[in-house]
Amino acid sequence: IVLGRIAIMLPAMRSAAVGGILLLSLCCSSLVSAEESDGTTAVPVCIAGYTTKHDVTEHSVIDKDIRDIETEMKKDSAPGFAEALKIYNDGKNSRTIDKARTLAEFWPGAHTNTLGLTSTDEPFLKMFDEYEKVKNFNPHEGAVAALKGLDDPKQGNYASDNLVKDWDFRDQVAKKNIKFQVVMVYALHELEIAIEAYVEAKGSELAQTYLDVWWAFYAGSIETGNGVDGYGPYTLAERRSKFFGTGTAVIGNGGVSKVNDILLKATVEISRLMSTAGNAPAMNNIMKCVRAQLKIPLIQGCVMYAYKTDPATEYEPGADTQEGYNGEFARKGELWSFCSGVLPFLHAASPAAASTLLGEVNIKTLADTSKAKWSIIRPLFSAENLNKMGLKCADVGGFVDKNAAMTSATTLNSDFPVCTDTAQAAPADADSAQCAGDWMLKQVATTEGMTPAAAAAIAASPGASAAVRRPAATLPAMLAGVIIAGLIAR
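My aim in this report is to walk through the structure given alongside it, one point at a time.

Rules of the game
Residues numbered from 1 in each chain as written. Predicted model: local features only at pLDDT ≥ 70, side-chain atom pairs only at ≥ 80, totals over all residues. Heavy atoms only, no water. 1 Å grid on protein atoms, 1.4 Å probe; cavity = no way out; pocket = protein on both sides within 12 Å on 5 of 7 lines; lining within 4 Å. Points joined across faces, edges and corners; volume = space filled by probe spheres on them. Nonpolar A, V, L, I, M, F, W, Y, C, P; charged D, E, K, R; others polar. Helix = DSSP H or I, 4+ residues; strand = E, 2+ residues; numbered from the N terminus. Phe/Tyr/Trp six-rings, centres within 6.5 Å; stacked < 30°, edge-to-face > 60°. Buried < 20%, exposed > 50% of the residue type's maximum accessible area, 1.4 Å probe, protein only.

## What about empty space enclosed by the protein?
And then number 1: Applying the stated criterion across every chain, the model contains four cavities of 30 Å³ or more.
And then number 2: What lines the largest cavity is a set of 13 residues, and nearest its centre among them are F137, N138, P139, Q181 and S340.
And then number 3: Across the lining of the largest cavity, the residue classes tally to six nonpolar, six polar and one charged.
And then number 4: Here the second largest cavity defines a volume of roughly 70 Å³.
And then number 5: Residue lining of the second largest cavity: F180, M184, Y218, P233, L236, A237, L294, P297 and L298, and that is the complete set.
And then number 6: The element best represented in the lining of the second largest cavity is helix α12 (residues 280–309), accounting for three residues.
And then number 7: The residue inventory of the lining of the second largest cavity, partitioned by class, reads nine nonpolar, no polar and no charged.

## A short note on the packing of aromatic side chains
For any pair of aromatic rings, the description rests on two quantities: the centre-to-centre distance and the angle between the ring planes.
And then number 1: By the definition in use, this model includes 28 aromatic pairs.
And then number 2: Taken together, a centroid distance of 5.8 Å and an interplanar angle of 25 degrees make the contact between W374 and F399 stacked. Taken together, the positions of W374 in helix α15 (residues 374–377) and F399 in the loop between α17 (393–396) and α18 (452–459) put the pair 25 residues apart, joining distant regions of the chain.
And then number 3: Taking relative accessible area as the criterion, W374 reaches 10% and is therefore assigned buried.
And then number 4: In this structure an aromatic cluster arises from ring pairing among F243, F244, Y307, Y315, W374, F399 and F416.

Written out as structure tokens, the structure reads:
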């Protein structure tokens, strides 16, 4: 009887074996322990809907350093900020082959790599370097100054200025600079190296490893896809998208940001192209798309907080309180951090516009009693300037009108509507028009390899795809299928 039942089940067993092998090849993060840093192995892990081809777990957990830094800063105390600085400088949760990986190494590390690239080869980083030559500050030094709480002639008077020394202001500048500038630029740096490794025929495995590291840093280990619990650059696009009406994507991992949808699809497509030779032109076009997309969340943040911090706007009529997360000091900290991140590529598009923006948000002159003027900042993000940065008006979007869940009950779309594109050509290295092709039509996200609780939460969310809602085969079933298939083949 048993043999008869096995005979009946053989076709299903063969299917289970094939399915089991496929799922194992897609994501086996639950089967292995993480290797350290550059000692990556050809074992996939799943991060915010992307299945890597190498175990980059140790890279991805750098987001836990950011989490712990934020936890320490919330104490609003000198010992708390000192411990946050220690974590930033010395590391805590992530390791390379022989030492702790540190966030403090990211900014200088973005300027060198084993393939011999320099910052001049990476257009995005070059904009930051060129702007630093003009204005003498960068996001890494800004974060360190905010954590130290000392007066700095370049980064601001964190010990003596009434606004800048405030715990809430310092907290916002430090964590926003780290997550959305330092880590974002370094993650992109890894992606640039991946393309260079492919072009220089360094081997598809090496190129793929750098590609996997890019996503590990961009999303982080805690992120599932919806942007709620993560600590990496990925979260910003999700959070800002609701204010600007750009949260219309169905990524399949619980996320809705058009930016993250495009970046995930671009990552998967680059991985596919790396498997065969001759795809450098296609990859270069996708990189133009990627560089353009990474500008959008920072622009949205700058525009949003310019609107929030000026009491003359319709965002929140009435006087602001100074203290607390939603207080005036915290909002000004976010205004400075986001806009300082925009300044390098606004300067590349229009030095005059960048100069005007700096005049409104400069940490060296923005006092506790002063206000950045929305009427001055708003025109700086014109269609012409956005197009010069390689963006379309629809990429940035416009304020959602009078919606307490998205913007505020009094925010007016007319204060920042979606603009109309001009005939201005995009720069050579960033162009959202390149976010097009068959690769943009594919559903690529997966929840395979996530914890059951995280996967279930995403599957139940409105943004989940039918593919995500399908239950995954259990590990015992997969292994059983593989074993039986081997017996049958004998």
